[in-house]
Amino acid sequence: MITESQVLPVGRLLKPHGINGEITVLLTADVDLASLSCIVLRIDGIFVPFFLNSVRPKSSETDLVTIDGVASDADAARLCPAEVYALKVDLPAAAADADGMYASDLLGYDVVENGKMLGKIESVDDTTANYLFIIRTPDGKDVMVPVADEFIAGIDTDTRTISLDLPEGLLDI
């Protein structure tokens, strides 16, 4: 059984394309669908793998895919719209740090900087070349910190705490 901790969202099935079961996929992560062993969809609350027969680009943000067993527009429509996930093991090693953790694995972690509570990781902005932690401070303000190994002093998975060592002035930007 595939669990939520084994997948990362990479896109969304938008709608059928044509009458032969092809589906338009909006990509929300920098991933090559053709390199994945499968895509994963949540069907009735369960993560289900689907094997791709073909992948071709439609635009800079969308691909057209055919899925094994989906042969008509009606079959494709039953799957749409749906969030598309990739198995973490299929994603390039560069997406994970040395411990095999992804930035998204740290959502909800408390952030400590120089021994002081900075806040909690609310989200990860992956729309830029450098991922950013969006940290909500105790006073309700959001601060952005680059996800970079040189800034991460330690990660304690038991207490769900990440310690940062940030350059002076970074939080003032």
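Below, the structure is looked at part by part. (Residues numbered from 1 in each chain as written. Predicted model: local features only at pLDDT ≥ 70, side-chain atom pairs only at ≥ 80, totals over all residues. Heavy atoms only, no water.)

**Notes on the overall build of the protein chain**
The condition is simple: Helical segments are the DSSP runs of H or I of at least four residues, strand segments are the runs of E of at least two, and each set is numbered from the N terminus. Three exposure classes are used, based on accessible area relative to the maximum for each residue type with a 1.4 Å probe and protein chains only: buried under 20%, partly exposed in between, and exposed over 50%.
Looking only at helices and strands, the protein chain features 1 helix and 13 strands. Shown N-terminal to C-terminal, the secondary structure of the protein chain runs as helices and strands in the order β-β-β-β-β-β-α-β-β-β-β-β-β-β. Taken along the three principal axes of its C-alpha coordinates, the protein chain extends 60 × 35 × 30 Å. Scored against the burial criterion, the 173 residues of the protein chain give a buried share of 37%.

**Side note on the side chain of Asp-125**
We count it as follows: By the counting rule applied here, Lys and Arg register as positive and Asp and Glu as negative, while His and the ends of each chain are not counted. Here, a salt bridge means any Lys or Arg side-chain nitrogen found within 4 Å of an Asp or Glu carboxyl oxygen.
Within the element layout of this structure, Asp-125 appears in strand E9 (residues 116-125). Although buried, Asp-125 forms no salt bridge, and the nearest oppositely charged side chain, Arg-136, lies 13 Å from it.

**Notes on the pairing of strand E3 (residues 39-43)**
The cut-off we apply is this: By the convention used here, strands pair only if DSSP detects at least 2 bridges between them.
The sheet contact formed by E3 and strand E4 (residues 46-50) spans 5 bridges and is antiparallel. Across the sheet, Leu-41 pairs through a bridge with Val-48, a residue of E4. The hairpin formed by E3 and E4 contains 2 residues between the paired strands, and Asp-44 there has a positive phi angle of roughly 50°. Across 2 bridges, the pairing between E3 and strand E7 (residues 82-87) is antiparallel. From the neighbouring strand, Leu-41 faces E7, where its bridge partner is Val-84.

**Structural notes on the sheet that holds strand E13 (residues 161-164)**
Rule in force here: Think of each axis as a best-fit line through the C-alpha atoms, taken over the contacting stretch in the case of a helix, with angles from 0 to 180 degrees between the N-to-C directions.
Ordered in space as E11-E10-E9-E8-E13-E12, the 6 strands form an open sheet in which the pairing is mixed. Each end of this open sheet is capped by a strand with a single partner; those strands are strand E11 (142-146) and strand E12 (152-156). Between one strand axis and the next, the sheet turns by 35° as a mean value, whatever way the strands run. For strand E8 (residues 110-113) and E13, the ladder comprises 4 bridges, and the chain directions are parallel. Within E13, the position partnered with Val-112 by the bridge is Ser-163.

**Description of the environment of Glu-83**
Spelled out, the test is: Whether two residues are in contact is decided by their heavy atoms, any of which lying within 4.5 Å being enough. Counted as a polar contact is a pair of N or O atoms within 3.5 Å, where, for protein atoms, one must be capable of donating a hydrogen and the other of accepting one, and residues adjacent in sequence contribute only when both atoms are in side chains.
Summarising the element assignment, Glu-83 is placed in strand E7. Taking the C-alpha atoms as reference points, Glu-83 and Ile-46, 37 residues apart in sequence, are found 12 Å from one another. Those residues in contact with Glu-83 that lie beyond four places of it in its chain are Pro-9, Gly-11, Arg-12, Val-40 and Leu-41. Reaching out from Glu-83, the side chain makes a polar contact with the side chain of Arg-12 at a distance of 3.4 Å.

**Comments concerning the side chain of Glu-22**
Relative to the assigned elements, Glu-22 resides in strand E2 (residues 22-27). Within polar-contact distance, the side chain of Glu-22 engages the side chain of Arg-56 at 2.9 Å.

**Examining the packing of aromatic side chains**
Our working rule: Here a pair means two rings of Phe, Tyr or Trp (six-membered ring of Trp) with centres within 6.5 Å. Their orientation is stacked below 30 degrees between planes, edge-to-face above 60, and tilted elsewhere.
Per the counting criterion, the structure on display carries 1 aromatic pair. Consider the rings of Phe-47 and Tyr-85, whose centres lie 5.2 Å apart with planes at 90°: the pair is edge-to-face. Taken together, the positions of Phe-47 in strand E4 and Tyr-85 in strand E7 put the pair 38 residues apart, joining distant regions of the chain. Taken individually, Phe-47 and Tyr-85 each receive the classification buried, so the pair is uniform in this respect.

**Let's talk about the sheet that holds strand E5 (residues 52-57)**
Spatially, 7 strands are ordered E4-E3-E7-E1-E2-E6-E5 in an open sheet, and the strand pairing comes out antiparallel. Only two strands of the sheet have a single partner each, and these edge strands are E4 and E5. Each neighbouring strand pair of the sheet contributes to a mean axis angle of 40°, computed without reference to strand direction. Sheet analysis places strand E1 (residues 7-17) next to E7, joined by 6 bridges and oriented antiparallel. Pairing of Leu-13 across the sheet is with Ala-82, part of E7.

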